[in-house]
Amino acid sequence: MTWLIGVVVGLGGALLGYALHGGNIAVLWQPTEVLSIVGLAVGYLIAGNSGRNLKATMAALPRAFKSPSTNKRKCLDLLCLLFEVLQKIRRDGLMSLEADIEEPEASPLFEKYPSIEKDHHLTEFICDYLRMMLGGSLNIQQVEALMEQELETHHQEAHVPVTVIAKMADAFPAFGIVAAVMGVVMVMGSIGLPPAELGKLIGAALVGTFLGILMSYSVTGPIASALEQNEEVDGKAFLSVKAVLLASLNGFPPQAAIEFGRKVLFSDMRPSFKELDEETKAVKGK
């Protein structure tokens, strides 16, 4: 939503300034220039990316127009879920979690926290490492190294759409220049026309440069930036799980272990100590 507001404000300011100088906004609409630029952009997108990257980019685009899925409420739910998991391990042993982690969608434990349950990647991450804890075949250093490798892979995959769209943003000014040059070539072939007619053709050619720069810095560039920021926010949930589980493996009790997870969260999505304490006390009382 903020992306859309920014585009409207930016484009509105540019067009208003142009209009106040006496410009005719209708002149800026040049379908042939738009067709050339869009055609070049789509061709570049297809030629420069694998099917996997294209699929990931198309799937990620809607997220640029939404707020990150991870917010303060979700983080509080996540920490409370991990607290309950660790409490259950402490009370009933690791084997008591077997049914929960094998089918989290049918687990009463996960069902209490729908914001976590519907995040399949996060749920899978939690369950995978609980299985490893259950197996007991890896030491703490091995689990931590494996977590880091998985999170790095996850980051790389999530960053693919950002890279694709950022490169598109970098290329748009060049596409605008190509469209403008083709317009100038057409002008050179019509040099015998009256000055008024030539002026219209030159103006149409220059619109190509304008559109290329506009698409780069006011549309695709902000989309890439929004996706990157959302990725950073959502990635904090995984880091929080990592911190909590490693703290637990190091022997910290549940209440202390979830503090490790709370501390790695961004300040605007991090519940206060008091808020988390109240929520965990409510969990204990159930």
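Keep in mind that what you see is a predicted model, and the values were worked out from it rather than measured. (Residues numbered from 1 in each chain as written. Predicted model: local features only at pLDDT ≥ 70, side-chain atom pairs only at ≥ 80, totals over all residues. Heavy atoms only, no water.)

With that settled, the discussion passes to the pattern of salt bridges. Per the stated rule, a full pass over the model turns up 12 salt bridges. Notably, a salt bridge pairs D100 with K88, separated by 2.7 Å at the nearest N-O pair. Of this pair, D100 sits in helix 5 (residues 98-102) while K88 is found in helix 4 (residues 72-92), placing the two residues 12 residues apart along the sequence. A residue is classified by how much of its surface remains accessible, and D100, at 6% relative accessible area, is buried. The salt bridge involving D128 is made with R131; its shortest N-O contact spans 2.7 Å. Of this pair, D128 and R131 both sit in helix 8 (residues 120-135), three residues apart, which is roughly one turn of that helix. (Salt bridge = Lys/Arg side-chain N within 4 Å of Asp/Glu carboxyl O. Helix = DSSP H or I, 4+ residues; strand = E, 2+ residues; numbered from the N terminus. Buried < 20%, exposed > 50% of the residue type's maximum accessible area, 1.4 Å probe, protein only.)

The next subject is the confidence of the model for the protein. The predicted model of the protein averages 87 in pLDDT, with 99% of residues at 70 or higher. Ranking the elements of the protein by mean pLDDT puts helix 1 (residues 2-20) last, at 80, and helix 11 (residues 254-263) first, at 94. (pLDDT = per-residue confidence, 0-100.)

Estimates place the volume of the largest pocket at around 1,300 Å³. Lining the largest pocket are 44 residues, with R63, H121, H154, A158 and F238 positioned closest to its centre. Secondary-structure elements contributing two or more residues to the lining of the largest pocket are helix 3 (51-60), helix 8, helix 9 (140-188) and helix 10 (195-249). Roughly 340 Å³ of volume is contained in the second largest pocket. Lining the second largest pocket are 19 residues, and of these A41, M168, F172, M215 and T220 lie nearest its centre. Looking at the lining of the second largest pocket, the element that brings in the most residues is helix 2 (residues 31-47), giving six residues. (1 Å grid on protein atoms, 1.4 Å probe; cavity = no way out; pocket = protein on both sides within 12 Å on 5 of 7 lines; lining within 4 Å. Points joined across faces, edges and corners; volume = space filled by probe spheres on them.)

Further remarks concern a nonpolar patch on the surface. On the surface, Y18, I25 and V27 cluster together into a nonpolar patch covering about 220 Å² of accessible area. Mapped onto the elements of the fold, V27 is located in the loop between helix 1 and helix 2. (Patch = residues over 30% accessible without salt bridge, like charges linked within 9 Å, V, L, I, M, F, W, Y side chains within 5 Å. Areas by Shrake-Rupley, 256 points an atom, 1.4 Å probe, with all protein chains shown as cover.)

Turning our attention to the side chain of K242. Position of K242 among the secondary structure elements: in helix 10. The contacts of K242, once residues within four sequence positions are left out, are F125, E144, M147, E148 and L151. (Contact = heavy atoms within 4.5 Å.)

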